[in-house]
Structures are given as C-alpha cells and as structure tokens.
Amino acid sequence: MESGEIIIPKGVTLEIISGVDKGKIFTVTGKTMTIGRAAECDFQLSDKHVSNNHCQIVFRRDHFTAIDLESLNKTKVNGKVYIQKNLRTNDLLTLGKTEIRFVWKDQDEKVLDPSEDIPAEAENADAESFES
C-alpha cells in the first residue's frame, strides 16, 4: 500500500427506509459519493423533492460526513437541518421525502468532534418543500 492511500471501510451502507425508493440499499465504496436525482450521482433517487445533486457522503480520516450541496429542500440528519454533519451508525438522513439510514456495522465507538458539525442557519432551517 502506498503512503497516504485512503482505505474506505467495508460494510457501510445507505438503506432507504421510506419514500419512493424504499427498500434500496446502496453500498458506500468511495471517499466521496454523491446522492441526488441526476444520472451522474453515485446514488440516484427518484424522489422529485430531492435535488439533482443533493448531498455527499465523504470519508474523512476515520469517519463519514454528510455534506449538503446547497440543495433546495436541505439535508436533515436525525430531524435537524445541517450543512455538514458527522455520521454515526443508524443516523437518519432526510432528503426531500426520502429517509435514509446510515449503517456502518464496524464503526468505532469513539466520540465524534461536534465542532465539525455545521447546522443550517435558523432562517434557512425550515425550507419549504417544493419540486425542482
């Protein structure tokens, strides 16, 4: 293995638990994976309330982070709107009207640094739901 090579953990999935794509399971295999409606997204959703490029799941050092891509209907994690949020197994992401469970079976139980989380500003937190 070359120095600086990033090893993506195995057994990391995104499980669609509600919405039009309910039942789909996506496996996270890359450092940066995009979720949205666009054909070029790594994980394509059918929900018309999901932006073309809605958010990314990014592996950083030893954890995964959800990053909103300035989506119209925002990205929620466990019911709160975030620009950026470090993820723990069983966290629920809401994109449009789709709920996604983040699952990392072998996640280290270490405490994630909450200072890396960036909640959305209060005035933008309750974005109206509309089609894009």
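Residues numbered from 1 in each chain as written. Predicted model: local features only at pLDDT ≥ 70, side-chain atom pairs only at ≥ 80, totals over all residues. Heavy atoms only, no water.

Overview of the confidence of the model for the chain
- The predicted model of the chain has a mean per-residue pLDDT of 89, with 89% of residues at 70 or higher.
- Note that residues 122-132 has pLDDT below 50 and, in this model, 18 contacts with residues that lie over four places away or in other chains. (pLDDT = per-residue confidence, 0-100. Contact = heavy atoms within 4.5 Å.)

Some remarks on the pattern of salt bridges
- Under the criterion given, the structure shown has four salt bridges.
- Here Glu15 ties to Arg101 by a salt bridge, and the two come within 3.7 Å at their closest N and O atoms. With a gap of 86 residues between them, Glu15 in strand S1 (residues 12-18) and Arg101 in strand S10 (residues 98-104) connect regions that are remote in the sequence.
- The shortest N-O distance in the salt bridge between Asp117 and Lys85 comes to 3.0 Å. Placement of Asp117 in the loop between S10 and strand S11 (118-119) and of Lys85 in strand S8 (residues 80-86) is noted, with a sequence separation of 32 residues between them.
- The exposure class of Asp117 is buried, given its relative accessible area of 17%.
- For Lys85, a relative accessible area of 15% gives the class buried. (Salt bridge = Lys/Arg side-chain N within 4 Å of Asp/Glu carboxyl O. Helix = DSSP H or I, 4+ residues; strand = E, 2+ residues; numbered from the N terminus. Buried < 20%, exposed > 50% of the residue type's maximum accessible area, 1.4 Å probe, protein only.)

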